[in-house]
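Now for the letters of each chain:
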Amino acid sequence: MRAKAVPALPKNSPAPAANVAYDRNNVFARILRGEIPCQKVYEDEHVLAFNDIRPQAPVHVLVIPKGEYVSFDDFAAKAPATEQAAFVAAVGKVARQLGVAESGFRILANHGADANQEVPHFHVHIFGGKRLGRMLPRE
Ligand code: AMP
C-alpha cells in the first residue's frame, strides 16, 4: 500500500494542540498533586507511571510527564529535550520493569478528538501480557 503524501507545514506554524490551555483540574494533574490515589508502578524526577483504572489488557499502564502538557503534540512542541528524553527512557524502563519487553507490548498515545483522547494531560498507554491483535479494527 502506498502512503499518502503529507502536505508540508508552513514554516513557524503553531502545532494545533499546542495552544490549548492546560486544565489543572484534569484527573492526572490531581493524581500528580496526590489528591487522587493511583497504583504507582514507577516514578522519577520527570515521570510518573501507574495502572490504568479500567485495564484493557493484563498489563495496562499509563506513563505521564510531570510537566503540564495537554497532549502528545503539546509535549513534542513545548517540552525541553531533557524532559522528552527522560519520558522516552521511562517508557522503556517501565516496559522492562513490567516484564513485557521480551514478550512484546504496544504503546499508544491518543491525541485530540479523532483519537478519543479523554484526559487532557499527555500520556502513553503501555499494553501487554497477551497477544494484542491488530493495531486498529478493520472498518
Ligand atoms: P485516553 O483516551 O488516552 O485519554 O485514556 C485515558 C485513560 O485514563 C483511560 O484508559 C482511563 O481508563 C484512564 N483513567 C481515567 N481516570 C483514571 C484514574 N483515576 N486512574 C487511572 N487511570 C485513569
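Coordinates for the structure precede this section.
Description of the structure in this document. As the structure is a computational prediction, the values presented were derived from the model and not from experiment. (Residues numbered from 1 in each chain as written. Predicted model: local features only at pLDDT ≥ 70, side-chain atom pairs only at ≥ 80, totals over all residues. Heavy atoms only, no water.)

### Remarks on the site of the ligand
Piece 1. Near the ligand lie 16 residues; those nearest to it are Asp52, Asn110, Glu118, His123 and His125.
Piece 2. Asn110 has a polar side-chain atom sitting 2.9 Å from an oxygen atom of the ligand.
Piece 3. Here an oxygen atom of the ligand sits 3.0 Å away from a polar atom, N or O, in the main chain of Val119.
Piece 4. More than half of the atoms of the ligand fall within 2 Å of the grid points belonging to the largest pocket.
Piece 5. Those elements that place two or more of their residues in the shell around the ligand are α1 (27-32) and β2 (47-51).
Piece 6. The dominant element in the shell around the ligand, judged by the number of residues it contributes, is α1, at 3 residues.
Piece 7. Of the residues belonging to the shell around the ligand, the class tally is 7 nonpolar, 6 polar and 3 charged. (Near = heavy atom within 4 Å. Polar contact = N/O pair within 3.5 Å; in protein donor to acceptor, adjacent residues only side chain to side chain. 1 Å grid on protein atoms, 1.4 Å probe; cavity = no way out; pocket = protein on both sides within 12 Å on 5 of 7 lines; lining within 4 Å. Sits in = over half its atoms within 2 Å of the grid points. Helix = DSSP H or I, 4+ residues; strand = E, 2+ residues; numbered from the N terminus. Nonpolar A, V, L, I, M, F, W, Y, C, P; charged D, E, K, R; others polar.)

### A closer look at the layout of surface pockets
Piece 1. One number sums up the size of the largest pocket: a volume of about 830 Å³.
Piece 2. Along its surface, the largest pocket is lined by 31 residues, and Asp52, Gln56, His60, Leu62 and His125 are the ones closest to its centre.
Piece 3. Contributions of two or more residues to the lining of the largest pocket are made by α1, β2, β3 (59-65), β4 (105-108) and β5 (124-128).
Piece 4. The element best represented in the lining of the largest pocket is α1, accounting for 3 residues.
Piece 5. Among the residues making up the lining of the largest pocket, the classes are represented as 17 nonpolar, 9 polar and 5 charged. (Points joined across faces, edges and corners; volume = space filled by probe spheres on them.)

### Re the nonpolar core
Piece 1. By size, the foremost hydrophobic cluster in this structure holds 16 residues, and its most contacted members are Ala49, Val63, Phe87 and Val94.
Piece 2. Those elements that place two or more of their residues in this core are β1 (40-43), β2, β3, α3 (81-97) and β5.
Piece 3. Considering each element in turn, this core owes the most residues, 4 residues, to α3.
Piece 4. Residues Ile31, Leu48, Phe50 and Leu62 belong to the second largest nonpolar core, which totals 7 residues. (Core = buried A, V, L, I, M, F, W, Y, C linked by side-chain atoms within 4.5 Å. Buried < 20%, exposed > 50% of the residue type's maximum accessible area, 1.4 Å probe, protein only.)

### Focus on unusual backbone geometry
Piece 1. Backbone geometry places Asn116, a non-glycine residue, at a positive phi of 65°.
Piece 2. Relative to the helices and strands, Asn116 resides in the loop between β4 and β5.
Piece 3. For Asn116, a relative accessible area of 60% corresponds to the exposed category.

### A closer look at the pattern of salt bridges
Piece 1. Applying the stated rule across the entire model yields 7 salt bridges.
Piece 2. When the shortest N-O distance is used, the salt bridge between Glu35 and Arg30 registers 3.2 Å.
Piece 3. Owing to a relative accessible area of 31%, Arg30 belongs among the partly exposed residues under this scheme.
Piece 4. Ionic pairing is found between Lys66 and Glu43, a salt bridge with its closest N-O pair at 2.7 Å. Taken together, the residues Lys66 in the loop between β3 and α2 (72-78) and Glu43 in strand β1 connect sequence positions 23 residues apart.
Piece 5. Lys66 gets classed as partly exposed once you look at its relative accessible area, which sits at 30%.
Piece 6. Assessed through its relative accessible area of 39%, Glu43 is described here as partly exposed. (Salt bridge = Lys/Arg side-chain N within 4 Å of Asp/Glu carboxyl O.)

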